[in-house]
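Geometric and topological summary
Take a look at the letters that make up each chain.
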Amino acid sequence: MKQRFRGYFPVVIDVETAGFNASTDALLEIAAVILDFDDNGQLFPKQTLHYHVEPFEGANIEQAAIDFNGIDPFSALRGAEAEAEVLKEMFKPIRKAQKAAGCQRCVLVGHNATFDHSFMMAAAQRANIKRNPFHPFVTFDTTSLAALTLGQTVLVKACQAAGIDFDQKHAHSADYDTERTAELFCWMVNRWQQLGGWSFGDDESSATE
């Protein structure tokens, strides 16, 4: 992992929110998928983390966003936790996996990654989390990668083009979308390797030039 991504540890993230403004609108759900290489050098989704999040105090909630994702922000059945507790809990296994891989920093992988990154970083700032493992601005965007490799930009269409099952009934759930995005990212990385785009045995010096 350290050699392949130049010291970055990719973690797939997806969020569900109550709007588009990370500074003012509530973060409602967040999921992460930790990746790893198997013995054959194939990237695969290793672990899924999923949390429901309580709207922060004073958060704006756009009705249109709620209608779209179907989340009731104040339902007790969600088992939601405060942003600070969610991020601290989520960051622990992510940081552990990053250190085990010998990577210097985590990098967020997402479909339209800047959106997910902005909400996660805003929440971390509100929670005053000092040990955020994620890079403050670098992301890997599967939308751009899918446009290049598959000619598709919509997640469901990109998954279908890659032969990945996608049930639209489960779309816009953070854990489901994150897992499909992780599968898509792994497919693209592995496909590039199969086409000779990189060698799993590359030494560190060549991988970091």
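Quantities reported herein were computed from a predicted structural model and do not represent experimental measurements.

Calculation notes
Residues numbered from 1 in each chain as written. Predicted model: local features only at pLDDT ≥ 70, side-chain atom pairs only at ≥ 80, totals over all residues. Heavy atoms only, no water. Helix = DSSP H or I, 4+ residues; strand = E, 2+ residues; numbered from the N terminus. Buried < 20%, exposed > 50% of the residue type's maximum accessible area, 1.4 Å probe, protein only. Phe/Tyr/Trp six-rings, centres within 6.5 Å; stacked < 30°, edge-to-face > 60°. Salt bridge = Lys/Arg side-chain N within 4 Å of Asp/Glu carboxyl O.

1. Concerning the environment of G41
As for its placement among the helices and strands, G41 is situated in the loop between β2 (27-37) and β3 (43-52). You can call G41 buried: its relative accessible area is 1%. Spatially, the C-alpha atom of G41 lies 9.1 Å from that of Q193, the residues being 152 residues apart in sequence.

2. Regarding the packing of aromatic side chains
Here the structure, examined in full by the defined rule, presents 9 aromatic pairs. With a centroid separation of 6.3 Å and 65° between ring planes, the pair formed by F20 and F115 is classed as edge-to-face. Within this pair, whereas F20 is found in the loop between β1 (8-17) and β2, its partner F115 is found in helix α3 (residues 113-126), the two being separated by 95 residues in sequence. Overall, the relative accessible area of 26% leaves F115 in the partly exposed class.

3. Here's the deal with the pattern of salt bridges
For the structure on display, the rule yields 3 salt bridges. Put simply, K46 and D36 hold a salt bridge, and the shortest N to O gap is 3.4 Å. Of the two residues, K46 sits in strand β3 while D36 sits in strand β2, which places them 10 residues apart along the sequence. Take K46: its relative accessible area is 54%, and that puts it in the exposed class. Classification of D36 as partly exposed rests on a relative accessible area of 26%. We note a salt bridge from E83 to R126, for which the minimum N-O separation is 2.6 Å. With E83 in helix α2 (residues 83-100) and R126 in helix α3, this pair connects stretches of sequence that are 43 residues apart. Given the relative accessible area of 30%, R126 is considered partly exposed.

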